[in-house]
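# Chains, contacts and geometry: an overview
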Amino acid sequence: MGSPSLEAFILEENVLEEMFSEWGDYPTNKNTTENTSEVKHSGISDEKGSSSTASGDKRNEERAPTTVVANILDSNLDTDNDTCPSPLGKFRPGYLWVTDFTRQNWCEQQLYYTFTIPTIAEENPVMTAGTDLARELATHDIVKVAVQSNEDIWAIKLLNLHSALLAFLNGGKIAREVPVFGNPFGGNIFVVGLIDELRFDPSNYTIDMVELKTRQSSSLPSKAQRKQHNFQVMLYKTLFDDLVKGRVSKDFIASSLRIDLHKELGEPIKEHAEKQFVVIKNLNDLMDLIFHKIQTLTCINQILIEYVHQKSKQTINHVEVEYDVSEISRLYEQYLQFWRGNREAVGVEIEDAWKCQRCDFQSICDWRKRKTEECILKNKQANRSST
């Protein structure tokens, strides 16, 4: 086998453009608290900018349930985190988003730099175009509800999940921007996500998941991108299926989010819940109701990723993803080691060094520098041995 070459760090411009044209989850320095003027996401906060689903005429066949966002009234919400040396404690509020793992899947070192050197990263215009298309394709209503506590905020998110469950149980066939959460593979770290679309077939009693990915080119993504996308949707399925199987405990949620399940919710929350035919006093009541309803459903049957051309808004292709529990559990545990502080961040290997060419941190990346030095050393050793 030949020694690695420095040329591995070079990639043709057209391939890079293809890769970044689809990057809808570009790493940014996310605020790790809920203390903002408005929770903009319709489901779990910070999971997606504005998710959507499949394109084409089918989107208008059935209107998705109304989605709720929180309008925060109290600027003194409890968002403090205990001092913790791990990345989970330093950079996140004690729990993680699915997109944290997908960014990690792309390049863990890049993810780390987005937290520690946030001023370097800039918004990618292609990413913005994809987000705008996702908003345009969305077909549900947005309703703002005033909140005054962290418990109110999480009640809103849970009510968005309840809205999807209610639609299915009442004969609906499509739910969009569905919040999911849980403790995947017993890792003892709370994870939240936002599924683009679930499709329910009441005749066969099956549920399929569809994830939208927008692309600037009309071709399918690279192998590295598909690997990232596959990991994302498999983790979504894991979270949803665990809820259906009753594997998520209220106590674990409460301790992870540092919320009081028995604290009385605000009147605007209770009034909105009544519009979904729900009478609740606190999160404990709401969780009992949601867990009961979701356990009457079935696990996700089929996973589809729909690739949509940004400019024409036409579907490029639907790609089915086979759920590989051994592969996703292996990768998930590997990624958790970083978040727990058990190891330092690692970058890409030589075969994936082309990813570095458009990275905002390439000029200061220690991992890239070490790998370059390794290449030089190995090339020198190879030259000595050949003479």
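About the cut-offs
- Residues numbered from 1 in each chain as written.
- Predicted model: local features only at pLDDT ≥ 70, side-chain atom pairs only at ≥ 80, totals over all residues.
- Heavy atoms only, no water.
- Helix = DSSP H or I, 4+ residues; strand = E, 2+ residues; numbered from the N terminus.
- Expected span 1.5 Å × (residues − 1).
- Buried < 20%, exposed > 50% of the residue type's maximum accessible area, 1.4 Å probe, protein only.
- Core = buried A, V, L, I, M, F, W, Y, C linked by side-chain atoms within 4.5 Å.
- Contact = heavy atoms within 4.5 Å.
- Phe/Tyr/Trp six-rings, centres within 6.5 Å; stacked < 30°, edge-to-face > 60°.
- Lys NZ or Arg CZ within 6 Å of the ring centre and 35° of its normal.
- Pairing = 2+ DSSP bridges.
- pLDDT = per-residue confidence, 0-100.
- Axes fitted to C-alpha atoms, helices over the stretch in contact; angles between N-to-C directions.
- Parallel < 35°, antiparallel > 145°, perpendicular 65-115°, else oblique.
- Nonpolar A, V, L, I, M, F, W, Y, C, P; charged D, E, K, R; others polar.
- Arc of directions from axis to C-beta.
- 1 Å grid on protein atoms, 1.4 Å probe; cavity = no way out; pocket = protein on both sides within 12 Å on 5 of 7 lines; lining within 4 Å.
- Points joined across faces, edges and corners; volume = space filled by probe spheres on them.

### A word on helix 6 (residues 150–169)
Spanning 20 residues, helix 6 covers 29 Å between terminal C-alpha atoms, matching the ideal 28 Å at 1.5 Å per step. Burial within helix 6 is extensive, with 19 of its 20 residues counted as buried. Phi turns positive, to about 95°, at G171, one or two residues after helix 6.

### A closer look at the nonpolar core
Nonpolar side chains tend to gather and get buried jointly when the protein is soluble and globular. In terms of nonpolar packing, the biggest core is built from 75 residues, with F101, F181, F190, L198 and F240 touching the most fellow members. Of the residues forming this core, the biggest block, 10 residues, is contributed by helix 6. Dropping the residues within four chain positions of it, L198 is found in contact with F168, K173, I174, A175, V178, I207, D208, M209, F240 and I300. In terms of nonpolar packing, the next biggest core, distinct from the first, is built from 6 residues, W106, C107, A224 and C356 among them.

### Description of the packing of aromatic side chains
Summed over the entire model, instances satisfying the criterion amount to 19 aromatic pairs. Arranged with centres 4.8 Å apart and planes meeting at 5°, the rings of F91 and F115 form a pair that is stacked. Taken together, the residues span a long stretch of sequence, with F91 in helix 2 (residues 87–91) and F115 in helix 4 (residues 108–116) at a distance of 24 residues. Here F91 and F115 have matching classes, each one buried. Taking 6.2 Å as the distance between ring centres and 75° as the angle between the ring planes, the aromatic pair formed by Y95 and F190 counts as edge-to-face. Pair noted here: Y95 is in the loop between helix 2 and strand 3 (96–97) and F190 is in the loop between strand 5 (174–182) and strand 6 (191–201), with a separation of 95 residues, a long-range link. Assigned by exposure class, Y95 and F190 land together as buried. One aromatic cluster is present, formed by F91, Y112, Y113, F115, F338, W339 and F361 through successive ring pairs. Here K157 stacks its cationic end above the ring of W154, 4.0 Å away from the centre of that ring. Sitting over the ring of Y323, K237 keeps its end group 5.2 Å from the ring centre.

### Re the environment of V143
In this fold, V143 is placed in strand 4 (residues 142–147). Spatially, the C-alpha atom of V143 lies 9.7 Å from that of H272, the residues being 129 residues apart in sequence.

### Thoughts on the pairing of strand 5
Counting buried residues along strand 5, 9 of its 9 residues qualify, which places the element largely inside the surrounding structure. With 8 bridges joining them, strand 5 and strand 6 adopt antiparallel strand pairing. Directly across from G182, in strand 6, lies its bridge partner V191.

### Overview of the confidence of the model for the protein
Looking at the protein, the pLDDT average stands at 79 and 72% of residues meet or exceed 70. Every residue in residues 1–46 is under pLDDT 50, and counting partners more than four places away or in other chains gives 144 contacts. Scored below 50 in pLDDT, residues 74–82 shows 20 contacts in the model against residues more than four places distant or in partner chains.

### What to know about the packing of helix 3 (residues 98–106) against helix 4
Where helix 3 contacts helix 4, the axes come no closer than 5 Å and their chain directions differ by 125°. Here helix 3 lies oblique to helix 4, going by the angle between them. When helix 3 is examined against helix 4, the residues D100, R103, Q104 and W106 are found in contact with a partner set consisting of E108, Q110, L111 and F115. Class assignment for the residues of the contact of helix 3 with helix 4 results in 3 nonpolar, 2 polar and 3 charged.

### Some remarks on helix 11 (residues 325–339)
With 15 residues, helix 11 should cover 21 Å at 1.5 Å per step; its first-to-last C-alpha distance of 21 Å lies within 8% of that length. Those residues of helix 11 that sit buried are I328, L331, Y332, Y335, L336, F338 and W339. End-on, the buried residues of helix 11 take up no more than an arc of 140°, which puts them together on one face. Where helix 11 is buried, its residues touch helix 2, strand 3, helix 3, helix 4, strand 6 and helix 7 (223–244). G341 sits one or two positions beyond helix 11 and adopts a positive phi of about 85°.

### Quick look at the layout of surface pockets
In this structure, the second largest pocket occupies an estimated 500 Å³ of space. As for the second largest pocket, its lining consists of 23 residues, and the residues nearest its centre are N105, W106, K227, D352 and K355. Elements supplying a minimum of two residues to the lining of the second largest pocket: helix 3, helix 7 and helix 11. Residue composition of the lining of the second largest pocket, grouped by class: 8 nonpolar, 6 polar and 9 charged.

### Comments concerning unusual backbone geometry
Leave glycine aside and you will find that most residues have negative phi; peptide bonds, for their part, are mostly trans. One non-glycine residue, F185, adopts positive backbone phi at about 55°. Mapped onto the fold, F185 is located in the loop between strand 5 and strand 6. The class of F185 is partly exposed, set by a relative accessible area of 34%. Backbone geometry places K313, a non-glycine residue, at a positive phi of 65°.

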